[in-house]
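Remarks on the overall topology
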Amino acid sequence: MLAVPLLAVGGCKREDMAVQDKSRTWSVSHLLPHGRVVQPPVPGTVSPDDNHPPAPQPAVIDAALLARGGQRYAIYCTPCHGRDGIGDGMIVRRGFPHPPDLHAAALRRMPAAGLYDVIDRGYGVMYGYGDRIGPADRWAVIAYLRALQRSGDVPASALTADDREKLDQAGPGREPSR
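Residues numbered from 1 in each chain as written. Predicted model: local features only at pLDDT ≥ 70, side-chain atom pairs only at ≥ 80, totals over all residues. Heavy atoms only, no water.

Examining the packing of aromatic side chains
Summed over the entire model, instances satisfying the criterion amount to four aromatic pairs. For the ring pair Tyr 76 and Tyr 129, a centre distance of 5.8 Å and an interplane angle of 70 degrees mean the geometry is edge-to-face. Of this pair, Tyr 76 sits in helix α3 (residues 63–81) while Tyr 129 sits in the loop between β2 (126–127) and α7 (135–151), and the two are 53 residues apart along the sequence. With a centroid separation of 5.0 Å and 25 degrees between ring planes, the pair formed by Tyr 127 and Tyr 129 is classed as stacked. Through successive ring pairs, a cluster of aromatic residues spans Tyr 76, Tyr 127 and Tyr 129. Above the ring of Tyr 129, the side-chain terminus of Arg 132 is found at 5.4 Å from the ring centroid. (Phe/Tyr/Trp six-rings, centres within 6.5 Å; stacked < 30°, edge-to-face > 60°. Helix = DSSP H or I, 4+ residues; strand = E, 2+ residues; numbered from the N terminus. Lys NZ or Arg CZ within 6 Å of the ring centre and 35° of its normal.)

Right, here's the structure in full:
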């Protein structure tokens, strides 16, 4: 019984496994089509690095688009950016680096296409959400974000009496009921 494992281990020679025949990417090959080791991609292959232009921006921003954007924002953005966009989400409270305040002047000035690209590919420590948030939903999140940015500029005197009452009931640091 002891001889079997010893024979198995003895059959593996490190130098045989480390030094073996291989082909380099651009080497000539008489076995493969096109005469080279590297082969063209199969027709219809899409590279994950392809630069696709953004989906067209919606012509109309309506309540349904904002609601969808708010829903997607709540799912994907609030863990880091927080519900109000100031960058105090739950994972930030647990030690993750602070994301930028979405109300900052630089982000207010950023074109919508730039925000679309950040959502798609990420920026800094933020990873891209292009594989999780579809193109139409990215525009919905951007519409919601723009509404969120503008909401901080509304003076209390411009609110309806009903909205002011909801804010008063919520108290400091709490979000009013909808």
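Notes on unusual backbone geometry
It is generally the case that most residues other than glycine have a negative phi and that most peptide bonds are trans. At His 34, a position not held by glycine, the phi torsion is positive, near 70 degrees. Assessed through its relative accessible area of 61%, His 34 is described here as exposed. (Buried < 20%, exposed > 50% of the residue type's maximum accessible area, 1.4 Å probe, protein only.)

Describing α3
Taking 1.5 Å as the rise per residue, α3 with 19 residues should run 27 Å; its terminal C-alpha atoms sit only 22 Å apart, a clear shortfall. For α3, the full list of buried residues reads Leu 65, Gly 69, Gly 70, Arg 72, Tyr 73, Cys 77, Thr 78, Cys 80 and His 81. If you follow the buried residues of α3, they end up packed against α4 (90–93) and α7. Two residues or fewer after α3 comes Gly 82, characterised by a positive phi angle close to 80 degrees. (Expected span 1.5 Å × (residues − 1). Contact = heavy atoms within 4.5 Å.)

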